[in-house]
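Summary of structural features
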Amino acid sequence: MRTRQLPILAVALVAYAALTAAAGDTLVSLPSLGSETARPLVTFAPLLVCIGLAHVLGSRLRSAEASGCRAVGRFDQALVLATALISIAVAQTVAVLLDASAASTAGRNTAFLVGLMLVARRVAGYQVAVIIPVAWVITMMLIGNTGGNGETQPWTIVLLPPDHLPAAVAAIAMLALGVASVPAAPLVRDAT
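Residues numbered from 1 in each chain as written. Predicted model: local features only at pLDDT ≥ 70, side-chain atom pairs only at ≥ 80, totals over all residues. Heavy atoms only, no water.

Observations concerning the overall build of the protein
The following threshold applies: A run of H or I in DSSP counts as a helix once it spans at least four residues, and a run of E counts as a strand once it spans at least two, with each numbered from the N terminus. When accessible area is computed with a 1.4 Å probe and restricted to protein chains, residues below 20% of their type maximum are described as buried, those above 50% as exposed, and intermediate ones as partly exposed. Any two residues whose heavy atoms approach within 4.5 Å at even a single point are treated as in contact. We get accessible surface area from the Shrake-Rupley algorithm with a probe of 1.4 Å; when it comes to residues, only the shown protein chains can shield them.
A count of helices and strands for the protein gives eight helices and two strands. Sequence-ordered secondary structure for the protein, helices as α and strands as β, is α-β-β-α-α-α-α-α-α-α. Within the span of the protein, comprising 192 residues, buried residues form 42% of the whole. Taking contacts inside the protein between residues at least 6 apart in sequence as the whole, the part at least 24 apart equals 74%. As displayed, the protein has an accessible area near 9,600 Å², and 70% of this comes from carbon and sulfur atoms.

Quick notes on the packing of aromatic side chains
Note the threshold: By convention, a stacked pair of Phe, Tyr or Trp rings (six-membered ring in the case of Trp) has centres within 6.5 Å and planes under 30 degrees apart, an edge-to-face pair has planes over 60 apart, and any other such pair is tilted.
Tallying each qualifying case throughout the model produces one aromatic pair. Here F112 and W136 contribute two aromatic rings whose centre-to-centre distance is 5.5 Å and whose plane-to-plane angle is 55°, an arrangement assigned as tilted. One end of the pair, F112, is in helix α5 (residues 105–124); the other, W136, is in helix α7 (residues 131–143), with 24 residues separating them in the sequence.

Some details on the packing of α5 against helix α8 (residues 165–181)
Two measures define how a pair of helices packs: the angle their axes make with one another and the distance between the axes. To keep it simple, the criterion reads: Only the contacting stretch of a helix is used when fitting its axis, a line to C-alpha atoms as for every element, and angles between N-to-C directions run 0 to 180 degrees. Less than a right angle of anticlockwise turn of the near helix away from the far helix marks a crossing as left-handed, whereas a clockwise turn marks it as right-handed. In this classification, Asp, Glu, Lys and Arg are treated as charged, Ala, Val, Leu, Ile, Met, Phe, Trp, Tyr, Cys and Pro as nonpolar, and every other residue, Gly included, as polar.
Where α5 contacts α8, the two axes come as close as 7 Å, and the packing angle between them is 35°. Where α5 crosses over α8, the handedness of that crossing is left-handed. Note on element contacts: α8 touches α5 through A167, A168, A170, A171, M174, L175, L177, G178, V179 and S181, opposite R108, A111, F112, V114, G115, L116, L118, V119 and R122. Its residues assigned to classes, the contact of α5 with α8 shows 14 nonpolar, three polar and two charged.

Brief notes about a nonpolar patch on the surface
Heads up, the condition is: For patch detection, residues must exceed 30% relative accessible area and be free of salt bridges, and they are connected within 9 Å for like charges or within 5 Å for nonpolar side chains (Val, Leu, Ile, Met, Phe, Trp, Tyr). Between Lys or Arg on one side and Asp or Glu on the other, a salt bridge is scored when a side-chain nitrogen of the former is within 4 Å of a carboxyl oxygen of the latter.
Taken together, L33, I138 and L142 make up a surface patch of nonpolar side chains, about 290 Å² in accessible area. On the secondary structure map, L33 appears in the loop between β1 (27–28) and β2 (39–40). Take L33: its relative accessible area is 66%, and that puts it in the exposed class.

What to know about unusual backbone geometry
For D99, which is not glycine, the phi dihedral falls at a positive 50°. For D99, the position within the fold is in the loop between α4 (72–97) and α5. A positive phi is found at I157, a non-glycine position, where the angle reads about 60°. The topology assignment puts I157 in the loop between α7 and α8.

Some details on the environment of A184
Here A184 lies in the segment after α8. Residue class for A184 comes out partly exposed when judged on its relative accessible area of 30%. Spatially, the C-alpha atom of A184 lies 7.8 Å from that of G73, the residues being 111 residues apart in sequence.

Brief notes about the confidence of the model for the protein
What counts here: pLDDT runs from 0 to 100 and stands for how confident the predictor is about each residue.
Across the protein, the average pLDDT comes to 85, with 84% of residues at 70 or higher. Here helix α3 (residues 62–67) stands out as the least confident element of the protein, with mean pLDDT 52; α8 is the most confident, with 95.

A look at the nonpolar core
Defined as follows: We call a set of buried residues a nonpolar core when its members are Ala, Val, Leu, Ile, Met, Phe, Trp, Tyr or Cys and they connect through side-chain atoms within 4.5 Å of each other.
Judged by nonpolar contacts, the single largest core of 40 residues is most densely connected at L53, V80, F112, L113, V114, L118 and L175. Listing elements by their share of this core, those giving two or more residues are α1 (6–23), α2 (46–58), α4, α5, α7 and α8. A per-element tally of this core places α5 first, with eight residues. Sequence-distant contacts of L175, defined by excluding residues within four places in its chain, comprise V80, L81, A84, A111, V114 and G115.

Here it is as structure tokens:
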């Protein structure tokens, strides 16, 4: 637990909760290649959890973990699932307490972006993993509503409304894929 630097993850979760509560249903106008639709500010909150989780999972003692008899990968999987569940619970609590329906998307988006980050960690390595969720959110802000009448594209996931069932299913599937990839070593060797 000490090696994983869990206080950093706790700070990331507190910052996530604070941003989710502060943002609520607040919309911001951002540059877009589609229509000039305002986006929920809460869309950026899951990035705090992704960054914290990427740091925590990247802080490892490779030789000690490789030679040890404990199933560190299983502990990491449990940590990821617990973090995702806490994020979803926080988002739902904020949505109910503040009557901010957009805040509930933060939990779904956290599950999706954490899964995406973990898959990227497996494929591209630890250093690249944290960039992928940030790039996804920024790219979706730019091109996510370039449909015929300016509606949000269904593949964006993070921009879809809270009651969009296919987005929830995609988030669960991405999180499951990410959790399954946690114990495996990255396909690309790290520079460290």
